[in-house]
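Structure at a glance
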Amino acid sequence: MNPPTSESAAHLITLLASIMLVLQLLLVVQRMLVANIRVFATQSLLLAAIAAVVGYAYHAPHVYVVAVLTLAGKVIFLPWWLERLVRQIKIEQEIDAFVNVPAAMLICGAQTVLAYIVARPITSLERLGNNTLAVAIALMLIGFFLMINRRKAITQVLALLTMENGVMLAAIALTTYGMPLVVEIGIFFDVVVAVMVLGILVFRIRETFASMDVSKLNELKW
Amino acid sequence: MLLISILCVPFVVGLLCLFARPHALMEALNIAGFASVLILGVKLFKTVLTNNGNAVTQWNEFLRADALSAWMVLLIAIVSLATSLYAVRYFRRDLANGTVTERGFREYYVLTPLFATGMLLVVLANNLGVMWIAVEATALSSVLLVALYNRKTSLEAAWKYVMLGGVGLVLALFGTIFTYAAAIGKTGGEMPSFNWSRLLAMAPQLDHHLITLAFIFVLVGYGTKAGLAPMHTWLPDAHSEAPSPTSAMLSGVSLKIAIYALVRFHILVTACLHSSFSSNLLIGFGLFSMLLAGPFILVQQNLKRMLAYSSLEHVGLIFVAVGMNAPLTVFGALLHMGYHALTKPVLFFAAGNIQQRFHTLDFQRIGSGLVRTMPVTALLLGLATVAVSGLPPFGLFVSELTVLAGSFTSNYAWASVVILISLIVVFCGVLNKMAGLLLGPSNGAHARETISLSNIAAMSLPLGTLLVFTVWLPDCLRQLMELAGNIIRGLP
């Protein structure tokens, strides 16, 4: 069972996780690309903070490593790199999404409810905070919706990254001490390389199609 | 040392190619690298056999190779070697035509060994988290290869591949974490082991609810990577737009790597739940993939896309056979993996020759009568077509028959009817398309093809090996596959 000191830590983690969810909703309505990237950076900062709280409250030094990796990679390096990409390809604003904002909000609300229902049978297995697992699943579902709803390649990359944030949150919520360090470090490098590869592709798509509207990628059918 | 050297050789080759200047050196490095991987793979296979099927481990069980891994290592090595032989002339031509830039040329020779390293790490890693990292690494190293030609369509294919694959892999990571969480608190220690072998040893104690959820996520995740319908939509795009050597690697082994990853989870879940939960899911998705492939092959207008759908059908068959969990079907599945890995690259190589000559893959625009204009390619393509549609004397006939024989006597006899129907549809589709392409009058004054020796060798070596291993399956290979089959079926 949790040591008594973790009572306040659990509250703090719940708070931080719910702010992550709010930021995810902000991503759905925000159309400026640079602002989107910064919202993602803030969300990752919260994830790093959760890891740090876990490391402190449970005296698990190696979770600090996770916090530092998240901070260096997803809060500082990737946002910087993506913003540079946005400047290079000179597209700053998302065109209209497929679903308008009020409808998108309703869909996200429904997805959050769905996530809570899905997570219900296994909340007893959560070792941290309240409903962190539900938030993690909600992050994934909304990330999925974000990816379908937007046309710009960079927003899709951001959606993929927020889904990954959701998975990492679930990892912390379910396991407390995180996963073996070699796995954490491996995942970190994979994500960084993935975004760089995606960046190269976005750049080439922009050069070849004179746009990064992925709905123009429609030549290949069955 | 054996396992480490298998991983290090292709990795070092990739790094060396980053700095090598002359083209011939890059080609030679690739060929030599994959040849030594094959030698090491054979050595590993012998070691596993002399160990009586006990796993070879290294670095405190971080790397682990049992019979199943050894079999996969052999497949990866053979396909990579054949591909590196074929790539020599293919890319020299592309470079001369200006289809590929100098940079693209280097990209191919650097990324392909890294792609192979990723696949080898998937089958040699014991830690399920590391396995996920390696699968993601194979996706990342192959996506730039798919986009190598930088055409509109190839960029589209690469984007679909990386986005669908990315979502799939995020789900697979979720499932992997669930599996890890299922072991927490069951061993006493705070950090349970993430090693597959350890998890299997304590399988009945794992949290049943979490394991069930985990398998669903992993099935969708790795299933996307394996091209399981309905998550297969990236597959025909990526296979048709990639340069032919890359298509051969993707179809020949990369799909099977994802199957391997999924099968490892299937073994774990079956050992934990003692039910046919995961088997049923594998059979369901497998049959759906098989049924879906047929109609798409019948209406397909593009040679490489048709080959991709044929891969979809074979992947489906392997899943169904593994899911049935009978001794005969599992053996057939392993045999099928091997024979398919030897056949598919030849088809893609021939398609590459055709594409370089006609600058199109459209059946209509290539026309008919290929036997007259490109006799050698047409002959090899014809033989490989006969093989891939499951006709004797080639191995796929034997493996498909084995699976069918096993399935008729298993609990899933109804499924064998579905398998038969879809096999027949695909058979008719592939033979019809290919007969139209190969036979008949040729459409004009094309000069005869010039074909190099390395090209013929690259295509006839896998076909020759296929023929040899069909009529004469050495006892040691049979033994290896039986051991691997026992692992899949959860026997000690």
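Quick look at the structure, then. No experiment lies behind these values; they were computed from the predicted model shown.

This paragraph deals with the overall build of chain A. A count of helical and extended segments in chain A gives seven helices and zero strands. Tracing chain A from N to C terminus, the helices and strands come up as α-α-α-α-α-α-α. Here the C-alpha radius of gyration of chain A, 18 Å, is about what a compact globule of 222 residues would show, namely 17 Å. Within chain A, contacts between residues at least 6 apart in sequence are counted, and of these 78% link residues at least 24 apart. Taken as a whole, chain A presents about 9200 Å² of accessible surface, with 69% of it coming from carbon and sulfur. Looking at charge distribution, chain A has the averaged site of its 15 positive side-chain charges lying 6 Å from that of its 12 negative ones.

Let's shift gears to helix H1 (residues 2-19) of chain B. One turn of the α-helix equals 3.6 residues, which is why residues spaced by three or four share an orientation. Residues and elements named next belong to chain B. In this model, H1 (18 residues) spans 26 Å end to end at C-alpha, consistent with the 26 Å of a helix rising 1.5 Å per residue. Within H1 the residues assigned to the buried category are Leu2, Leu3, Ile4, Ile6, Leu7, Pro10, Val13, Gly14 and Cys17. Against helix H2 (23-50), strand E1 (56-58), strand E2 (63-65), helix H3 (67-97) and helix H4 (102-124) lie the buried residues of H1.

Let us look at the interface of chain A and chain B. With 48 residues of chain A at the contact, the number on the chain B side is 49 residues. Where chain A abuts chain B, roughly 4400 Å² becomes buried across the two surfaces, and 79% of that area is made up of carbon and sulfur atoms. One can count one salt bridge joining chain A with chain B. For Arg204 of chain A, the salt bridge goes to Glu107 of chain B, with nearest N and O atoms at 3.5 Å. Put simply, chain A and chain B have three residue pairs in polar contact (both at pLDDT 80 or more) between them. Of all elements in the fold, only helix H5 (132-149), helix H6 (153-175) and helix H7 (181-209) of chain A reach the threshold of two or more residues within the side of chain A that touches chain B. Take the side of chain A that touches chain B: its biggest share by element is 16 residues, from H7 of chain A. Of the residues contributing to the side of chain A that touches chain B, the split by class is 35 nonpolar, seven polar and six charged.

Considered as a void within the structure, the largest pocket measures approximately 990 Å³ in volume. Lining the largest pocket are 33 residues, with Val193 of chain A together with Phe11, Leu114, Ala137 and Ser141 of chain B sitting closest to its centre. Of all elements in the fold, only H7 of chain A together with H1, H4 and helix H5 (128-146) of chain B reach the threshold of two or more residues within the lining of the largest pocket. Looking at the lining of the largest pocket residue by residue, the class counts come to 24 nonpolar, four polar and five charged. Taken as a whole, the second largest pocket encloses approximately 750 Å³ of empty space. Every residue lining the second largest pocket is counted, 33 residues in all, and those nearest its centre are Gln156 of chain A together with Lys160, Met163, Leu164 and Thr233 of chain B. The dominant element in the lining of the second largest pocket, judged by the number of residues it contributes, is helix H6 (residues 152-183) of chain B, at eight residues.

What follows covers the nonpolar core. Across soluble globular proteins, you tend to see nonpolar side chains buried next to one another. Residue and element names in this part refer to chain B. In terms of nonpolar packing, the biggest core is built from 275 residues, with Leu44, Leu124, Trp159 and Tyr222 touching the most fellow members. Ranked by residue count, the leading element in this core is H6, at 20 residues. Residues in contact with Tyr222, not counting those within four places in the same chain, are Met131, Trp132, Val135, Leu169, Ala172, Thr176, Ala258, Ala261, Leu262 and Phe265.

Quick notes on the rules
- For every chain, the first residue of the written sequence is number 1, and numbering continues from 1 onward in sequence order.
- Note on labels: chains are lettered from A, ligands numbered from 1, in written order.
- Given that the model is predicted, a residue must reach a pLDDT of at least 70 before its local features are reported, and side-chain atom pairs must reach 80 or more before they are shown or counted; all residues, however, enter totals for whole chains, interfaces and linings.
- Hydrogens and water molecules were not included; the side-chain quantities draw on all heavy atoms of the structure.
- A helix here means a DSSP run of H or I that spans at least four residues, while a strand means a run of E at least two residues long, and both kinds are numbered starting from the N terminus.
- In this setup the radius of gyration rests on C-alpha atoms only. A globule is expected at 2.2 Å times the number of residues raised to 0.38.
- Residue contacts follow a heavy-atom distance rule, with two residues in contact if any of their heavy atoms lie within 4.5 Å.
- What sets the accessible areas is the Shrake-Rupley method with a 1.4 Å probe; for residues, cover comes only from the shown protein chains.
- Under this rule, positive means Lys or Arg and negative means Asp or Glu; His and the chain ends count for nothing.
- A single reference atom marks each charge: NZ on Lys, CZ on Arg, CG on Asp, CD on Glu.
- By this rule, a helix spans an expected 1.5 Å times one less than how many residues it contains.
- Exposed residues in this analysis have more than 50% of their type's maximum accessible area, buried residues have under 20%, and partly exposed residues fall in between, with area computed by a 1.4 Å probe over protein chains only.
- By buried area we mean the combined loss of accessible area, with a 1.4 Å probe, across both parts when two parts are placed together.
- Every case where a carboxyl oxygen of Asp or Glu lies within 4 Å of a side-chain nitrogen of Lys or Arg is listed as a salt bridge.
- Polar contact is defined as a pair of N or O atoms within 3.5 Å, subject to the rule that within protein one atom must be able to donate a hydrogen and the other to accept it, and that residues adjacent in sequence are counted only when both atoms are side-chain atoms.
- Amino acids are sorted into nonpolar (Ala, Val, Leu, Ile, Met, Phe, Trp, Tyr, Cys and Pro), charged (Asp, Glu, Lys and Arg) and polar (every other residue, Gly among them).
- Grid spacing is 1 Å over the protein atoms alone, the probe is 1.4 Å, and a cavity is where that probe fits but cannot get out, while a pocket is an open set with protein on both sides within 12 Å along at least five of seven lines and lining residues have an atom within 4 Å of a point.
- Grid points are joined across faces, edges and corners, and a volume is the space filled by probe spheres set on the points.
- Think of a nonpolar core as a cluster: buried Ala, Val, Leu, Ile, Met, Phe, Trp, Tyr and Cys residues, connected wherever their side-chain atoms sit within 4.5 Å.

Nothing here speaks to function; it is all geometry.
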